[in-house]
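# Summary of the model geometry
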Amino acid sequence: MENVEEKKPLNFIEQIVEEDLKADYSTDKLKFRFPPEPNGYLHIGHAKAFCLNFGLGERYNAPVNLRFDDTNPSKEEQEYVDAIKHDLSWMGMKWEEECYSSDYFQQLYDWAVLLIEKGKAYVDSQSSEDMATQKGTPTKPGVNGPFRDRTVEENLDLFTKMKQGEFKEGEHILRAKIDMTHANMLMRDPIMYRVMHKSHHRTGDDWCIYPMYDWTHGESDYIEQISHSLCSLEFKPHRELYDWFLDQVHDEKLRPKQREFSRLNLTYTIMSKRKLMQLVEENLVNGWDDPRMPTLSGLRRRGYTANAIRKFIDTAGVSKRDQMIDVALLESCIRTDLNKSTNRIMAVLDPIKLVITNYPEGETEIVVADNNPEDENAGQREMVFSRELYIERNDFLEECPRKVFKLGIGKEVRLKHGYIINGEEVVKDADGNVVEVRCTYDPKSKSGSGSEESKRKVKGTLHWVSASHNVSAHVNVYDRLFTEENPDGDKEVDFKTLINEDSLSVLSNCKVELALKEAKPQERYQFQRLGYFCVDDDSTSEQLIFNRTVTLKDFWAKKTK
RNA sequence: UGCCCGAUGGUGUAACUGGCAACACGUCUGUUUUUGGUACAGAAGAGUCCAGGUUCGAGCCCUGGUCGGGCAACCA
């Protein structure tokens, strides 16, 4: 077991840490952080980031802080803080300290004053349009604005007044004084503070100036003494600024370093928080925890386990290339997990009545079945077998070829845990729809009886429930949310036009085994031959609701497509 | 017409830092099976973006290209 762990090659971030350890770092200096902005729910892309950070913490027995990057009160809310903490806990992540960038507002302010005093920051009083023009473009250097050379005194005075609320939003901002011609656009006098007359979810109305990301992040890392500040690739150009800001305040304490890795993308879904928010706000899905969402809360409601998600992240790996991971890998992870852990149950999603004409009327018998053939300790359960049953509509084909694993007229099939039956006739309504299938059974073929008849090879085994011994249920059948592998891929195409119309089908006439009568939210089962299902959060004993997590691997379905 | 990343089977990640490209998912075959599941056995699929160079030897190093991604919010 440990050998397997040892053998696993280090990802490039772990290699960086190892090299630092060999050079001037000692293990006790290692410290990491996961810094979500509380402006939305965590999704599986975030899972990569926090699994990396918390994984590093575990590997080196180093602390990992949870730090909410809450510098923009117009977007951030307590609701998201709570949801993020809940999701992280569910994923089994244990943080050292719960921190907030807003905890450092005073320190950040004091440092900003220091920068002004050193002539490294100034108050600009132009419109954002003018500043944008002066900033130039990636290929054209910027030019200095008219307020760039204000005196320290004037800057101090203005900045103080900004803080005291004497200005309206947009009137003044504080910028770092770096280089308007720098090849890196981020170094062209980046904004450090803006005036915002908004209440903050933690600091209330204490502040009306709020620091920007670049000014806040590295300094927060420094305050918390984070050794390795890991973020996604789009922040690579920010590293230069991260380092510049650190240069301004750094003394002898440990200096954090930013390193970047690529984000995780999954086929047939989107990871943009902004777009996920749009789906929620425009009611294109039923909330952040809609089981079709790639959010952790959505996956949880869908029936995914934290274990499977961790395994998936681990298998996907960490690198600097853009990754678009096949959702089939995620599905493989949850199947592997659930195969071992869930009890099997029989459920008929689209029932059609099956009458065994030679089975004595009014009689019933108990059949016994293993709960999980993959787990000897899972025990057994009992089911009622009777003359009238329900089978899957789709498991009957009037004229059924021999090689197809279904019931047909004149074609035999086995009822799982029950008897072998032979199709005799169909009953149809006026429109020609099959409303009932009539068959005969071989009384000597009972499963597990050991009789010659029971051992007969039969093409096909069907699941069933007794017509008068079952529980009704609703089942939500989910499919991928988008019709395209990369709905976010084409800037010309609105991702919302790529939503899969059939991503949710609600089946309201399902019949499940009596054993599920008291099933509680979050319980997971394998409905035999159909897939893995999870009891929905809204399920009650009056109205059972199941969500399909994932189908069983099904070659037949693929072939017939 | 700038700067910064990246490029290995369909997808993702490896290759002991220069020694005849491996693992997982997916695909396909077969065996077992009272789930067309699981398990097991096996196969196909890349010669590492291109062109030079260094070297006995290059996916790894060097040079020059090509392609893909990112960078101009008072967002993070």
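Structure: see above.
A few points on the structure. Model, not experiment: these values are computed from the prediction. (Residues numbered from 1 in each chain as written. Chains lettered and ligands numbered in written order. Predicted model: local features only at pLDDT ≥ 70, side-chain atom pairs only at ≥ 80, totals over all residues. Heavy atoms only, no water.)

Here the focus is helix α5 (residues 105-117). The end-to-end C-alpha distance of α5 is 18 Å, a good match for the 18 Å that 13 residues give at a rise of 1.5 Å each. Three or more residues of α5 are buried, namely F105, L108, Y109, W111, A112, V113, L115 and I116. G119 sits one or two positions beyond α5 and adopts a positive phi of about 75 degrees. (Helix = DSSP H or I, 4+ residues; strand = E, 2+ residues; numbered from the N terminus. Expected span 1.5 Å × (residues − 1). Buried < 20%, exposed > 50% of the residue type's maximum accessible area, 1.4 Å probe, protein only.)

Bringing the protein's contact with RNA strand B into the picture now. Close to RNA strand B lie 61 residues; A316, S319, R344, S447 and K558 are nearest. Within the side chain of R321, an N or O atom sits 3.0 Å from a base oxygen of RNA strand B. A distance of 3.1 Å separates a sugar or linking oxygen of RNA strand B from a polar atom in the side chain of K416. Looking at the surface near RNA strand B, the elements with two or more residues in it are α6 (128-135), β6 (191-195), α12 (306-316), β11 (323-325), α13 (327-341) and α14 (555-560). Of the residues belonging to the surface near RNA strand B, the class tally is 22 nonpolar, 20 polar and 19 charged. (Near = heavy atom within 4 Å. Polar contact = N/O pair within 3.5 Å; in protein donor to acceptor, adjacent residues only side chain to side chain. Nonpolar A, V, L, I, M, F, W, Y, C, P; charged D, E, K, R; others polar.)

Here we take up helix α9 (residues 238-249). Because each turn of an α-helix spans 3.6 residues, side chains separated by three or four positions in sequence point in the same direction. If you check α9, its first and last C-alpha atoms are 17 Å apart, about what twelve residues at 1.5 Å a residue would give, namely 16 Å. Every buried residue of α9 is listed here: H238, L241, Y242, W244, F245, L246, Q248 and V249. In this structure, the buried side of α9 is in contact with α5, β5 (173-176), β6, α8 (213-224), β8 (228-232) and β9 (257-261). (Contact = heavy atoms within 4.5 Å.)

So, on to the side chain of D214. Residue placement: D214 occurs in helix α8. Although buried, D214 forms no salt bridge, and the nearest oppositely charged side chain, K135, lies 8.2 Å from it. A distance of 2.7 Å separates polar atoms of two side chains, one belonging to D214 and the other to H238. Every residue in contact with D214, bar those within four places of it in the chain, is listed here: L186, H238, L241 and F245. (Lys, Arg positive; Asp, Glu negative; His and termini not counted. Salt bridge = Lys/Arg side-chain N within 4 Å of Asp/Glu carboxyl O.)

By themselves, these figures tell us nothing about what the structure is for.
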